[in-house]
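# Examining the three-dimensional arrangement
As a plain string of letters, each chain reads:
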Amino acid sequence: MRRLEGKRALVTGGSRGIGAAIARRLAAEGADVAITYHRAADAANKVIEEIRSTGGRALAFASDNADDQAIDRVVSSVVNEFGGVDILVNNAGIFEVGALEKTNVEDIERNLNINVRAVVLASRAVIPHLRSGGRIINIGSCLATRVPAPGIALYALTKSALIGFTKGLARDLGNNGTTVNIVHPGPTDTDMNPAAGDSAEGQRQRIALGHFGSPEDIAASVAFLASEDGRHITGAELAVDGGINI
Ligand code: NDP
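Values in this document were obtained by computation on a predicted structure and should not be read as measured data. (Residues numbered from 1 in each chain as written. Predicted model: local features only at pLDDT ≥ 70, side-chain atom pairs only at ≥ 80, totals over all residues. Heavy atoms only, no water.)

### Structural notes on helix α4 (residues 105-126)
If you check α4, its first and last C-alpha atoms are 29 Å apart, about what 22 residues at 1.5 Å a residue would give, namely 32 Å. By the largest-angle criterion, N113 marks the main kink of α4, which is about 45 degrees. For α4, the set of buried residues is D107, N111, I114, N115, V116, A118, V119, L121, A122, S123, A125 and V126. Contacts from the buried residues of α4 go to α3 (68-82), β4 (87-90), β5 (135-139) and α5 (153-173). Capping the start of α4, N104 holds a side-chain oxygen 3.1 Å from the backbone nitrogen of E106, two or three residues further along. (Helix = DSSP H or I, 4+ residues; strand = E, 2+ residues; numbered from the N terminus. Expected span 1.5 Å × (residues − 1). Bend = angle between axes of the 7 residues up to and from the residue. Buried < 20%, exposed > 50% of the residue type's maximum accessible area, 1.4 Å probe, protein only. Contact = heavy atoms within 4.5 Å. Polar contact = N/O pair within 3.5 Å; in protein donor to acceptor, adjacent residues only side chain to side chain.)

### Regarding a nonpolar patch on the surface
A contiguous nonpolar surface patch, about 260 Å² in accessible area, is contributed by F95, V97 and M192. Residue placement: M192 occurs in the loop between β6 (179-185) and α6 (200-206). When its relative accessible area of 43% is taken as the criterion, M192 is described as partly exposed. (Patch = residues over 30% accessible without salt bridge, like charges linked within 9 Å, V, L, I, M, F, W, Y side chains within 5 Å. Areas by Shrake-Rupley, 256 points an atom, 1.4 Å probe, with all protein chains shown as cover. Salt bridge = Lys/Arg side-chain N within 4 Å of Asp/Glu carboxyl O.)

### Remarks on the pattern of salt bridges
One pass over the structure, following the stated rule, counts 15 salt bridges. In this structure, E29 engages R25 in a salt bridge whose closest nitrogen and oxygen atoms are separated by 3.0 Å. Judged by relative accessible area, which is 27%, R25 ranks as partly exposed.

### As for the layout of surface pockets
Put simply, the largest pocket is a space of about 1,100 Å³. For the largest pocket, the lining is made up of 46 residues, of which G93, I94, F95, T190 and M192 are closest to its centre. The set of elements that each furnish at least two residues to the lining of the largest pocket consists of α1 (17-28), β2 (32-37), α4, α5 and α6. Ranked by residues supplied to the lining of the largest pocket, first place goes to α1 with 3 residues. Tallied by class, residues from the lining of the largest pocket come to 20 nonpolar, 19 polar and 7 charged. (1 Å grid on protein atoms, 1.4 Å probe; cavity = no way out; pocket = protein on both sides within 12 Å on 5 of 7 lines; lining within 4 Å. Points joined across faces, edges and corners; volume = space filled by probe spheres on them. Nonpolar A, V, L, I, M, F, W, Y, C, P; charged D, E, K, R; others polar.)

### Examining the pairing of β6
Most of β6 is tucked away, with 7 of its 7 residues classed as buried. Of the pairings in the sheet, the one linking β5 to β6 comprises 5 bridges and is parallel in character. Note on β6: the bridge partner recorded for N138 is I182. Between the parallel pair β5 and β6, the chain is carried across by α5, and the sense of this crossover is right-handed. Sheet topology note: the β6/strand β7 (residues 237-240) ladder contains 4 bridges and is parallel. The partner of H184 across the bridge, within β7, is A239. (Pairing = 2+ DSSP bridges. Right-handed = clockwise from strand over helix to strand, strands pointing away.)

### As for the side chain of D86
By secondary structure assignment, the location of D86 is in the loop between α3 and β4. Using a relative accessible area of 3% as the deciding quantity, one classes D86 as buried. Within the local environment of D86, its side chain forms a polar contact with the side chain of R131, the two groups lying 2.9 Å apart.

### Details of the packing of aromatic side chains
Two aromatic rings are characterised by how far apart their centres lie and by the angle between their planes. Scanning the entire structure with this criterion turns up 1 aromatic pair. Seen in terms of ring centroids, F95 and Y155 are 4.6 Å apart; in terms of plane orientation they differ by 75 degrees. Their pairing is edge-to-face. Note that F95 is positioned in the loop between β4 and α4 and Y155 in helix α5, a separation of 60 residues in sequence. Under the relative-accessibility criterion, F95 is labelled partly exposed at 31%. On the accessibility criterion, Y155 (7% relative accessible area) is buried. (Phe/Tyr/Trp six-rings, centres within 6.5 Å; stacked < 30°, edge-to-face > 60°.)

### So, the site of the ligand
Inspection of the region around the ligand gives 31 residues, with S15, R16, R39, Y155 and T190 positioned closest. Y155 places a polar side-chain atom, nitrogen or oxygen, 2.6 Å from an oxygen atom of the ligand. Taken by itself the ligand offers 910 Å² of open surface, and the protein chains cover 94% of this. Its atoms largely coinciding with the cavity grid, the ligand occupies the largest pocket. Those elements that place two or more of their residues in the shell around the ligand are α1 and α5. Each residue belonging to the shell around the ligand can be placed in one class, and the counts come to 11 nonpolar, 15 polar and 5 charged. (Near = heavy atom within 4 Å. Sits in = over half its atoms within 2 Å of the grid points.)

From the geometry alone we can't say anything about function, so treat these as descriptive.
So, in structure tokens, the structure goes:
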């Protein structure tokens, strides 16, 4: 299916894991795709080379999401190169576990900056360019509202903050024909949470379907929301988690 012909997408954290799968899927559906990455230049280049090899347009930008000016520069470059932007996927994130009393202020700021502030700033930068049919899709987490293990308070805070932001922005941008939604992945096999990792078995036991999701599972839901098929869905939370929070 090529539901995104003529659309221009920006996916943050598109070098690896879920973001890379989203970039590939949006491109396979016909969109021009720009990705950001932090350090993994080789991986980011591989993603855009793959997309280009299938005839798609793709760009990669090194950009620390904690740097507000960097986000503005990326959005300007995407608009210059593609002629606009229709879809923003706020995917980049970090997952740091630990007792709050053992974190320092830098740890707290890093988590808030990358998982929350960057989402707000990227959205702010993209909104003036969105036309009717625009899309903002945030990547939350099954841990946003249910926290089944210790040490996750800060991460849960960052992901639950995105729920309120998604709903508020959906209200703000509705008149413009732009939808804003949040996808909550469950355990998904990536570098962040490998299906063969130490904590994997405990997670698997709580998943109704009995196995981790793949990055492609998340990408499929993002492509649906980005497409015309998702036009009447806004302010919604979509769990793509194998039923872990039932
Ligand atoms: P990965 O760690 O596999 O990939 C993270 C991506 O984010 C990479 O592309 C990385 O870039 C980028 N990134 C990290 N820090 C920054 C930064 N400071 N600036 C710019 N980019 C940055 O994570 P996943 O693919 O697993 O996760 C993607 C999203 O899904 C996250 O928001 C995460 O919280 C969420 N999620 C994941 C789950 C899972 O089980 N995997 C479950 C629930 C939610 P680089 O490659 O350069 O480091």
